[in-house]
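Survey of secondary and tertiary structure
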Amino acid sequence: MSAHYSRSGRGEPLVLLHGVGLDHTLWDDLAPLLEPDFEVLRYDLLGHGNAPAVDETITVQDYIAQLDAELDRAGWQNANVLGYSMGGLIAGAYAAARPQRVRRLTLLSTVFRRSPDEARAVLARLEAAATQDPAAAAQVSLARWFTPDFQARRPERVASIGQRLLRNDRASFLAAYRVFALGDPILAQAAPGIACPALAMTGEEDVGSTPRMTRELAAALPCGQARVVAGQRHMLPVEEPAVVAAALQRFFLAQGETRHCA
């Protein structure tokens, strides 16, 4: 196992793709709950953690190529794929571009067709990330991502996510963040071509990847379904790993069902 790659568990192959500014340790709470049923592959996206740095030329196609390489390295012809936040944009684009390699797809806390106000807000956050003190910017993100209850109960876990944000290579982070902030066309274009069964899931109180986005995304997918988790914000895999694990087990391990079409 390398510093940017982890493979554990036994069962159905499952790839986990983290969000912008994070790394494969995002899944430390969720992965152990999946390992009895899945062989879980998680890795740092380009420009994150210990993966190679990137610059402003990075595109979603580079992340598609990285996922191809990771599946090849694992010796997997295909796998179930879970993408979180920016990872959801990559996972959706990958499922449309490589339909033969994706069995089932989950798009967790994933943006879809931002409203004009939402688009302006994410561009403002991108500008702030480039100009604001990194520690102050990290605190703003943590406040948006976690519920107040979890921040009070698990301050050490919230702090670990904050430290991950502060360890980012700034140029790589901004380049990746630009892909995320300007990524609205990615899923809008990919969704009609995603033929595999797909689950879109988010928190009821997620202000970035909203319930409206999740429901519209599920409706745009040929074989999509939606799940909204009450009382939760953006950090579902950290705050409610048991809820996410149960949903993934039901969805990815569904027997006798090859399609879930509206």
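Structure: above.
None of these values were measured; they are calculated from a predicted model.

Our focus in this paragraph is the sheet that holds strand β1 (residues 5-8). Reading across from one edge, β1-β3-β2-β4-β5-β6-β7 is the order of the seven strands in this open sheet, with mixed pairing throughout. Two strands close off the open sheet at either side, each with one partner strand: β1 and β7 (224-229). Going from strand to strand, the sheet's axes swing by 15° on average, the running direction of each strand aside. As paired strands, strand β5 (residues 102-108) and strand β6 (residues 198-203) are joined by four bridges and run parallel to one another. Residue pairing for β6: Leu105 is matched across the bridge by Ala198. In the packing of helix α3 (residues 86-97) onto the sheet, the strands contacted are β2 (12-17), β4 (79-84) and β5, and the crossing angle to β5 comes to about 150°. Each of β5, β6 and β7 touches helix α10 (residues 211-220); the most contacted strand, β7, lies at about 165° to it.

Take the pattern of salt bridges next. Side chains that differ in sign of charge can pair as their charged atoms come close. Inspection of every chain in the model, using the stated rule, returns 15 salt bridges. Between Glu156 and Arg154 there is a salt bridge; the shortest N-O distance is 2.5 Å. Given the relative accessible area of 29%, Arg154 is considered partly exposed. Through salt bridges with shared partners, a single network forms among Asp68, Asp72, Arg98 and Arg101.

Here we come to the packing of helix α5 (residues 134-145) against helix α7 (residues 155-166). One way to put it is that α5 packs onto α7 with a least axis distance of 9 Å and a crossing angle of 135°. The pairing of α5 with α7 is recorded here as oblique in orientation. With respect to the hand of their crossing, α5 and α7 are arranged in right-handed fashion. Only Val158, Ile161, Gly162, Leu165 and Leu166 of α7 make contact with α5, whose side of the interface consists of Pro134, Ala135, Ala138, Ser141, Leu142 and Trp145. The residue makeup of the contact of α5 with α7, split by class, is nine nonpolar, two polar and no charged.

Evaluated as defined, the whole model comprises zero disulfides. Cys196 takes part in no disulfide bond, and the closest cysteine sulfur to it belongs to Cys223, at a distance of 7.7 Å. The exposure class of Cys196 is buried, given its relative accessible area of 12%.

Criteria and cut-off values
Residues numbered from 1 in each chain as written. Predicted model: local features only at pLDDT ≥ 70, side-chain atom pairs only at ≥ 80, totals over all residues. Heavy atoms only, no water. Pairing = 2+ DSSP bridges. Helix = DSSP H or I, 4+ residues; strand = E, 2+ residues; numbered from the N terminus. Axes fitted to C-alpha atoms, helices over the stretch in contact; angles between N-to-C directions. Contact = heavy atoms within 4.5 Å. Salt bridge = Lys/Arg side-chain N within 4 Å of Asp/Glu carboxyl O. Buried < 20%, exposed > 50% of the residue type's maximum accessible area, 1.4 Å probe, protein only. Parallel < 35°, antiparallel > 145°, perpendicular 65-115°, else oblique. Left-handed = near helix turned anticlockwise from the far one by under 90°. Nonpolar A, V, L, I, M, F, W, Y, C, P; charged D, E, K, R; others polar. Disulfide = S-S within 2.5 Å.

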